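Next come the chains, spelled out residue by residue.
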Amino acid sequence: MGKCIVVLLFLLLGGNVAAQSTVEKGRYLAAAGDCVACHTATNGRPFIGGRPFHTPFGTLYSTNITPDKETGIGNYTLEDFAAAMRRGEGAHGNLYPAMPYTSYYLIADEDIASLYTYFMRLPAVEHVVPNNDLFFPANLRFGLSFWDWAFFDKAPLVQPEGKSPEWQRGNYLVNALGHCGECHTPRNFAFAMKRDEKFAGNILEGWDAVDIRAESLRRQGWDRAQLRLLFTTGASERGTAFGEMFSVVKHSLSRLSDDDINAIITYLLDGDDNVAVNGGDSQLAAQQYAQGRADFVAYCAGCHGREGSGVTPVFAPPMDRNAGVRAESPFNMIAVILRGLPAQRMNRTNARAGMPGFHRELDDARVAGLVNFMRSAWGGAETPVTQEKVAEIRHQLRKDDYLGVVE
Ligand code: HEC
Ligand code: HEC
Ligand code: HEC
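In this text, all values refer to a predicted model and were calculated from it rather than measured experimentally.

### Regarding unusual backbone geometry
Right, so step 1: Of note, the phi angle at F191 is positive, near 65°, even though the residue is not glycine.
Right, so step 2: For F191, a relative accessible area of 39% corresponds to the partly exposed category.
Right, so step 3: If you check the backbone angles, R321 has positive phi at about 70° while not being a glycine.
Right, so step 4: Among the structural elements, R321 can be located in the loop between α14 (290-304) and α15 (323-326).

### Thoughts on the coordination of the iron atom of ligand 3
Metal coordination angles have textbook ideals: 109.5 degrees for a tetrahedral set of four donors and 90 or 180 degrees for an octahedral set of six.
Right, so step 1: The iron atom of ligand 3 binds to the protein through H184 (NE2) and M245 (SD), with metal-donor distances spanning 2.1 to 2.3 Å.
Right, so step 2: Here the iron atom of ligand 3 is ringed by six donor atoms whose angles at the metal span 88 to 180°, and the overall shape comes out octahedral. Here H184 is found in helix α8 (residues 181-184), whereas its partner M245 is found in helix α11 (residues 244-251), with 61 residues between them in sequence.
Right, so step 3: Judged by its relative accessible area of 24%, M245 falls in the partly exposed class.

### Description of the coordination of the iron atom of ligand 2
Right, so step 1: For the iron atom of ligand 2, the full set of protein donor atoms is H304 (NE2) and M355 (SD), at a range of 2.0 to 2.2 Å.
Right, so step 2: Metal-centred angles of 87 to 179° between the six donor atoms at the iron atom of ligand 2 mark the site as octahedral. Linking H304 in helix α14 with M355 in the loop between β11 (350-352) and α17 (364-379), this pair joins segments that are 51 residues apart in sequence. You'll find H304 and M355 in the same group, each marked buried.

### Examining α14
Right, so step 1: Helix length check: α14 (15 residues) gives 18 Å between terminal C-alpha atoms against 21 Å at 1.5 Å per residue, more than 12% under.
Right, so step 2: Of all the bends in α14, the largest measures some 50° and sits at A298.
Right, so step 3: Among the residues of α14, those classed as buried are G292, R293, D295, F296, C300, A301 and H304.
Right, so step 4: For α14, the elements touching its buried residues are α13 (282-288) and α17.
Right, so step 5: Directly after α14, the chain includes G305, whose backbone phi takes a positive value near 85°.

### Focus: the nonpolar core
Right, so step 1: With 56 residues, the main nonpolar core has F47, F81, M85, I107, F119, F231 and I264 as its most contacted residues.
Right, so step 2: Element by element, the count of residues in this core is highest for helix α7 (residues 165-177), at six residues.
Right, so step 3: Formed jointly, this core draws a minimum of three residues from each of two domains, domain 1 (18-151) and domain 2 (165-268).
Right, so step 4: In contact with I107, other than residues within four places in its own chain, are M85, R86, I112, Y172, A176 and L177.
Right, so step 5: Core analysis: the second largest hydrophobic core is formed by 32 residues, L338, L341, A377 and L397 among them.

### Brief notes about the pairing of strand β2 (residues 58-61)
Right, so step 1: As paired elements, strand β1 (residues 52-55) and β2 share four bridges and run antiparallel to each other. Within β2, the position partnered with P52 by the bridge is Y61.
Right, so step 2: Counting the residues in the hairpin turn of β1 and β2 gives two residues.
Right, so step 3: Examined bridge by bridge, β2 and strand β5 (residues 133-134) share two bridges and lie antiparallel to one another. Residue G58 lies in a different strand from β5, and its bridge partner there is L134.

### Digging into the domain arrangement of the chain
Right, so step 1: Along its sequence, the chain is carved into domain 1 (18-151), domain 2 (165-268) and domain 3 (282-399).
Right, so step 2: When each unit is reduced to the centre of its C-alpha atoms, the spacing between domain 1 and domain 2 is 22 Å.
Right, so step 3: Of the residues lining the interface, 22 residues belong to domain 1; the matching set on domain 2 comes to 25 residues.
Right, so step 4: Per-residue buried area on domain 1 facing domain 2 is highest for Y28, A32 and F151; these three make up 27% of the total on that side.
Right, so step 5: In this assembly, domain 1 and domain 2 are joined by one salt bridge.
Right, so step 6: Between E244 and R51 there is a salt bridge, with the nearest N and O atoms lying 3.8 Å from each other.
Right, so step 7: Linking domain 1 with domain 2 are nine residue pairs in polar contact (both at pLDDT 80 or more), by the criterion used here.
Right, so step 8: Elements supplying a minimum of two residues to the side of domain 1 that touches domain 2: α1 (2-33), α2 (35-38), α4 (101-104) and α6 (143-151).
Right, so step 9: Top contributing element to the side of domain 1 that touches domain 2 by residue count: α1, with five residues.
Right, so step 10: When its residues are assigned to classes, the side of domain 1 that touches domain 2 shows 16 nonpolar, three polar and three charged.

The rules behind the values
- Residues numbered from 1 in each chain as written.
- Chains lettered and ligands numbered in written order.
- Predicted model: local features only at pLDDT ≥ 70, side-chain atom pairs only at ≥ 80, totals over all residues.
- Heavy atoms only, no water.
- Buried < 20%, exposed > 50% of the residue type's maximum accessible area, 1.4 Å probe, protein only.
- Helix = DSSP H or I, 4+ residues; strand = E, 2+ residues; numbered from the N terminus.
- Donors = N, O, S within 2.8 Å, 3.2 Å for Na, K, Ca; no water.
- Tetrahedral: all angles 85-135°; square planar, octahedral: opposite > 155°, others 65-115°.
- Expected span 1.5 Å × (residues − 1).
- Bend = angle between axes of the 7 residues up to and from the residue.
- Contact = heavy atoms within 4.5 Å.
- Core = buried A, V, L, I, M, F, W, Y, C linked by side-chain atoms within 4.5 Å.
- Domains from an automatic or database assignment.
- Pairing = 2+ DSSP bridges.
- Buried area = accessible area lost by both parts, 1.4 Å probe.
- Salt bridge = Lys/Arg side-chain N within 4 Å of Asp/Glu carboxyl O.
- Polar contact = N/O pair within 3.5 Å; in protein donor to acceptor, adjacent residues only side chain to side chain.
- Nonpolar A, V, L, I, M, F, W, Y, C, P; charged D, E, K, R; others polar.

Written out as structure tokens, the structure reads:
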């Protein structure tokens, strides 16, 4: 009898521990998949949905994924959940690819099951999200089956032989759960990712989700140590994470284990390691772009240092050897100078004061001069930026309402 109770207790507790560890695993995978970034409205409770997505076809809202039976996914079976996650088939019809099933289709069965267990055990929150405001024909969900048929490329994840388990884990995290390509891969006319230009960079919400292919990262001086700092703290000697990338670091990457961060870095940096790092010549640059140098001293040096060495990555990142200054595309430099960056808080001990925008103080010619000075002093860019290029970016940012938000 006594023995029986011990066995029973053991089974009960053991079962619970197993269920608990599935929940924990699901929580971890939800962080790796960054579900919270999209399923939370500004200042809302996590996972209750309602975040707007502005598309050329109108506005779409993310849904409530707490297990509320009326307004959430409480009636979903594991199969329903898997269909939504991997095939974009929701209970009310096909999902819009704003839900990144075009990457999540690669998530392994057991990870889908852990995610399902985790979401089903969250507190159910009754919350009705706003109705989508999409134009014809994008408002018709059945049209999405045509999109899926034409553009949803379900190529399996290839794990080449000879790559280490760490590399393979990185491959899985980056392409499946991390859905990095959803932002970093350019899209075609129908908003599908261009597979042959994977990770080549893409403009989104007024920022350049930069080229993150190995060669480009190396040319900008990224190495394991600096990428680890970026992914775990959001700031490094090569620059900070901002725009949507700040949220990716805050809610997703900074919550991953050291092993998983190492795996992601191993995968990202795989390639030719003999790429020359871009450099610059600050004396030559000051002669060539005297007005740019003067503007840097007048407007920027107070925070970024006269020689561009920054203060600390958190207070103001260095410009000398900054990845953005070294990047081939000047888009983010120009956009940061015009827009500025809001104050941000990663956690209790890691906050940044932000940076004012200079779209009023500096006209197109002055911005071009400043960018050219910085790029040739500290970045080694070969082609100078024209005033017309700055005008074009300024026009685009103004049209999309990104200027004047940060004062
Ligand atoms: C990039 C933004 C984004 C991310 C990241 C994201 N979702 Fe979604 N998700 C959406 C949007 C938008 C919808 C609604 C699509 C629609 O209505 O067609 C949606 C719909 C869903 C649905 C269907 C719900 C329903 O009511 O039918 C489920 C389930 C879901 N998401 C789960 C998840 C999980 C789990 C994660 C994390 C692993 C996740 N999502 C990450 C944007 C996102
Ligand atoms: C009040 C202090 C301040 C001033 C003045 C300032 N910056 Fe910044 N700058 C910052 C901070 C802080 C960040 C990082 C903010 C973040 O990532 O959230 C930043 C980020 C940047 C970045 C993005 C690169 C990266 O790695 O994050 C660029 C480029 C930049 N500044 C250029 C300039 C230029 C050019 C000027 C002068 C026109 C200037 N800044 C003036 C504080 C300042
Ligand atoms: C929601 C969109 C989004 C997703 C998802 C996303 N990124 Fe980014 N990422 C950006 C944007 C925008 C930038 C440019 C701003 C910046 O430099 O921080 C960026 C910048 C970067 C940079 C360069 C940082 C710098 O300062 O030059 C790296 C490296 C990077 N991302 C890696 C990743 C990896 C790895 C993933 C997947 C785990 C990922 N990103 C997912 C939007 C995204």
